[in-house]
Amino acid sequence: MNDFIAGLPKCELHLHIEGTLEPELKFDLARRNGIALPHATVEEARAAFTFDSLSTFLVGYYGSMDVLRTEPDFYDLASAYLTKAAAQNVRYAEIFFDPQAHTSRGVPFDVVIRGLRRAILDAERLNGIRAQLIMCFLRDFSAEYAMATLLESLPYREWIVGVGLDSDERGNPPVKFAKVFARARQEGYLLTMHCDVDQENSTEHIRQCLEVIGVDRIDHGVNALDDPALVEEIKRRGLGLTVCPVSNGFVTDGSKAEAIRRMLDLDLRVTINSDDPAYFRAYVAENLELVHRELDLPQDDLVRLERNAFEIAWLPRSVKHTYFAELDAYARER
Ligand code: ADE
Ligand code: ZN
């Protein structure tokens, strides 16, 4: 089955580009930028970074980003991810980036986005993988800083398909950013938000995403299953959920594979994604393998998970159809 998963045409919708910073690249960039790192080797760096919750994970995650300084750094980061993803037959990716994790330490917005954009264009030309950017606001910063970032993004509007919300959810509900997301909608951005798993007030945050923000998608969102009214509304609106099983295993009490099974049975548009693959040591194929192992998922359901992802992707219908055709051909041949 792992061969089947390897060849399956894939769509990744929940991927933080900063979460693809492998320690090897981190060391290269530190050398290039003349930055001293606290660890002598890649192995030491990996061993020193331990975490058991979203908050403890985020501390090391932001710390590592200090090596990202120049446009070529962001280019190399995104190129490395897109090369790996293409090798796993990811055909299309929507990539989160966190501009405030960089502007807050003095790296200009345009340095970040120009590097990422150039990598996306080159990867499509060289590897045939297509990608779009989703700009995330950091929810533990103020709504004013998010609004300033939104305005700063407007000259690059054509390079960004939508906006999201990530970082530490505790005490930072969706409503804190209602005005920012309303303005983003006016500017033509599509909207998503993280509703991380097993947070304080998880179901209330999902409700706010639906009723106050009017999201087009929910990132994670597993706790919707705790409230039948939320399930009903998500189904009624046809919203997708971008679930990240290996990530769940690190920052909650398990992968939530059983919840994924329930979502499939409920006909929710659930998808499988990698979140921060360099940290969780699993790209999208390894996430699919985990779900397959834990649920004994048949091929049909693996195909269905990818069909869901292409279905909820922020792409024109005509483009989606080319991916559906690839998926159908692959399923037929196997
Ligand atoms: N930033 C990177 N990964 C994240 C996650 N899983 N949740 C919230 N913010 C994040
Ligand atoms: Zn995430």
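Now for a description of the structure that goes with this document. (Residues numbered from 1 in each chain as written. Chains lettered and ligands numbered in written order. Predicted model: local features only at pLDDT ≥ 70, side-chain atom pairs only at ≥ 80, totals over all residues. Heavy atoms only, no water.)

Next up on the list: the coordination of the zinc ion (ligand 2). For the zinc ion (ligand 2), every protein donor is listed as His14 (NE2), His16 (NE2), His194 (NE2) and Asp275 (OD), and the spread of their distances is 2.0 to 2.3 Å. In this structure, the zinc ion (ligand 2) is coordinated by four donor atoms arranged in irregular fashion, with angles at the metal of 85 to 175°. Within one chain, the residues serving as donors to the zinc ion (ligand 2) are arranged as H-x1-H-x177-H-x80-D. Of this pair, histidine 194 sits in strand E5 (residues 190-195) while aspartate 275 is found in the loop between strand E8 (269-272) and helix H14 (277-280), placing the two residues 81 residues apart along the sequence. Assigned by exposure class, histidine 194 and aspartate 275 land together as buried. (Donors = N, O, S within 2.8 Å, 3.2 Å for Na, K, Ca; no water. Tetrahedral: all angles 85-135°; square planar, octahedral: opposite > 155°, others 65-115°. Helix = DSSP H or I, 4+ residues; strand = E, 2+ residues; numbered from the N terminus. Buried < 20%, exposed > 50% of the residue type's maximum accessible area, 1.4 Å probe, protein only.)

A few words on the pairing of strand E3 (residues 130-138). In terms of burial, E3 is largely enclosed, as seven of its nine residues are buried. Note: strand E2 (residues 90-97) against E3, six bridges, orientation parallel. Bridge pairing in E3 places isoleucine 95 opposite leucine 133. As paired elements, E3 and strand E4 (residues 160-166) share six bridges and run parallel to each other. Paired with isoleucine 134 across the bridge in E4 is glycine 162. Regarding the hand of the β-α-β motif, the stretch spanning E3, helix H8 (residues 143-153) and E4 is right-handed. (Pairing = 2+ DSSP bridges. Right-handed = clockwise from strand over helix to strand, strands pointing away.)

Our focus in this paragraph is the pattern of salt bridges. According to the stated counting rule, one finds 27 salt bridges in the structure shown. A salt bridge links lysine 256 to aspartate 198, with the shortest nitrogen-to-oxygen separation between them at 2.8 Å. Taken together, the positions of lysine 256 in the loop between helix H12 (245-251) and helix H13 (257-265) and aspartate 198 in the loop between E5 and helix H10 (202-213) put the pair 58 residues apart, joining distant regions of the chain. Given a relative accessible area of 18%, lysine 256 falls into the buried group. Each of Arg261, Asp265, Asp267, Asp301 and Arg304 takes part in salt bridges that share partners, so that together they form one network. (Salt bridge = Lys/Arg side-chain N within 4 Å of Asp/Glu carboxyl O.)

Moving on, we come to the side chain of histidine 292. Structurally, histidine 292 can be placed in helix H15 (residues 284-295). Among the polar contacts listed, one links the side chain of histidine 292 to the backbone oxygen of leucine 297, at a separation of 2.9 Å. (Polar contact = N/O pair within 3.5 Å; in protein donor to acceptor, adjacent residues only side chain to side chain.)

Another point: the packing of aromatic side chains. Any pair of aromatic rings gets described here by the distance separating the centres and the angle formed by the planes. Inspection of every chain in the model, using the stated rule, returns 20 aromatic pairs. When the ring centre of tryptophan 314 is taken as reference, the NZ or CZ atom of arginine 217 above it lies at 4.1 Å. (Phe/Tyr/Trp six-rings, centres within 6.5 Å; stacked < 30°, edge-to-face > 60°. Lys NZ or Arg CZ within 6 Å of the ring centre and 35° of its normal.)

Considering all chains together, one arrives at zero disulfides under this definition. Here cysteine 136 stays free of any disulfide, with the sulfur of cysteine 244 as its closest cysteine sulfur at 12 Å. Since its relative accessible area comes to 0%, cysteine 136 is described here as buried. Not engaged in a disulfide, the cysteine cysteine 209 finds its nearest cysteine sulfur in cysteine 195; these two sulfurs lie 3.6 Å apart. Assessed through its relative accessible area of 0%, cysteine 209 is described here as buried. (Disulfide = S-S within 2.5 Å.)

It is worth spelling out the packing of H10 against helix H11 (residues 228-237) at this point. Closest axis-to-axis distance for the H10/H11 pair is 11 Å, and the angle between their directions is 30°. In terms of their interaxial angle, H10 and H11 are classed as roughly parallel. The two elements H10 and H11 cross, and the hand of that crossing is left-handed. Between H10 and H11, the residues in contact are Thr203, Ile206, Arg207 and Leu210 and Leu230, Glu233, Ile234 and Arg237, respectively. Looking at the contact of H10 with H11 residue by residue, the class counts come to four nonpolar, one polar and three charged. (Axes fitted to C-alpha atoms, helices over the stretch in contact; angles between N-to-C directions. Parallel < 35°, antiparallel > 145°, perpendicular 65-115°, else oblique. Left-handed = near helix turned anticlockwise from the far one by under 90°. Contact = heavy atoms within 4.5 Å. Nonpolar A, V, L, I, M, F, W, Y, C, P; charged D, E, K, R; others polar.)

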